[in-house]
Amino acid sequence: MFKWFFPLILISACWLLALSPFSSKAEQWSYSVDYIQGEGDVQGIKMAAQFHTDWLRDYSEHLHLYFESSVNFWEYGEQNSHDTNFVLALSPVIWYPLGTVANKPLYVEFGIGVSFLSDTNFAGKDVSTHYQFEDRLGLVYPLDDEHSHHVALRYFHYSNAGFKKPNPGLDFISLSYLHYF
């Protein structure tokens, strides 16, 4: 029971900060759904809520920052002998425009966050710790002129950064749909 306490407190603190009176009118919320494909037969889904802020506008008008809180469900193997993992993650993410495609901006996104895996043995790998870093690199493209719908292609890497051995890491590619509300 205790192993779930810290991740829930961390995610709750993020949401409380986001809902704080420090929020401005330029800040927005969105949600996303990702289909995840990992090494071998690993498949999954990631559901996330994002809090978009204008905190980096003082440094550059091109930088866009959001904080993402997500739940991942991963599955590996055959129907009768499969392995599952449940993951909670919290990541700051930055978008930066690369250029335009069909008169719409194409963004690169990158971020490093923290995650909590329910199982340290998954898909034939011993990742040693429940706590992992969630690294991401992706391309994001708006589907409409109002920029309220986006698609993204992302690479995710989960690793404990060598704090404990073994540290083989887990790699994923995802296709994502994001919508502002």
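Up top you'll find the structure we're talking about.
Computed from a predicted structure; not experimentally measured. (Residues numbered from 1 in each chain as written. Predicted model: local features only at pLDDT ≥ 70, side-chain atom pairs only at ≥ 80, totals over all residues. Heavy atoms only, no water.)

Novice: Could you clarify how one ought to interpret the pattern of salt bridges in this entry?
Specialist: When the charged atoms of two side chains with opposite charge come close together, those side chains can pair. Counted by the stated rule, this structure contains eight salt bridges. In this structure, Asp-34 and Arg-154 form a salt bridge, with 3.1 Å as the shortest nitrogen-oxygen distance. Here the residue Asp-34 occupies a position in strand E1 (residues 28-38), and Arg-154 occupies one in strand E9 (residues 149-159), the gap between them amounting to 120 residues. Note on Asp-34: relative accessible area 1%, which makes it buried. According to the relative accessible area criterion, Arg-154 is buried, its value standing at 2%. Between Lys-46 and Glu-134 there is a salt bridge, with its nearest N and O atoms 3.3 Å apart. Residue Lys-46 is located in strand E2 (residues 43-53), and its partner Glu-134 is located in strand E8 (residues 131-142); the two are separated by 88 residues in the primary sequence. (Salt bridge = Lys/Arg side-chain N within 4 Å of Asp/Glu carboxyl O. Helix = DSSP H or I, 4+ residues; strand = E, 2+ residues; numbered from the N terminus. Buried < 20%, exposed > 50% of the residue type's maximum accessible area, 1.4 Å probe, protein only.)

Novice: Just to check I follow, could you spell out the packing of aromatic side chains for this structure?
Specialist: Two numbers describe a pair of aromatic rings. These are the distance of the centres and the angle of the planes. This model, assessed by the stated rule, comprises 13 aromatic pairs. Here the aromatic rings of Phe-73 and Phe-86 are separated by 5.4 Å at their centres, their planes lie at 45°, and the arrangement is tilted. Of the two residues, Phe-73 sits in strand E3 (residues 64-77) while Phe-86 sits in strand E4 (residues 82-101), which places them 13 residues apart along the sequence. According to the relative accessible area criterion, Phe-73 is partly exposed, its value standing at 37%. Phe-86 gets classed as partly exposed once you look at its relative accessible area, which sits at 24%. On the numbers, 5.1 Å between centres and 70° between planes, the contact of Trp-74 with Tyr-158 is edge-to-face. Here the residue Trp-74 occupies a position in strand E3, and Tyr-158 occupies one in strand E9, the gap between them amounting to 84 residues. Taken together through their ring pairs, the aromatic side chains of Trp-74, Phe-122, Phe-156, Tyr-158 and Phe-172 make up a single cluster. (Phe/Tyr/Trp six-rings, centres within 6.5 Å; stacked < 30°, edge-to-face > 60°.)

Novice: Where do I start with the nonpolar core in this structure?
Specialist: Soluble, globular proteins show a tendency: their nonpolar side chains are buried together. Counting 12 residues, the largest nonpolar core is built from Ile-36, Val-42, Trp-74, Val-87, Leu-117, Phe-122, Ala-123, Val-127, Phe-156, Tyr-158, Leu-170 and Phe-172. Listed by contribution, the elements that provide at least two residues to this core are E9 and strand E10 (170-180). Residues in contact with Ala-123, not counting those within four places in the same chain, are Val-42, Tyr-76 and Asp-83. The next biggest cluster of nonpolar side chains, apart from the first, holds eight residues, and it includes Tyr-66, Val-93, Val-140 and Ala-152. (Core = buried A, V, L, I, M, F, W, Y, C linked by side-chain atoms within 4.5 Å. Contact = heavy atoms within 4.5 Å.)

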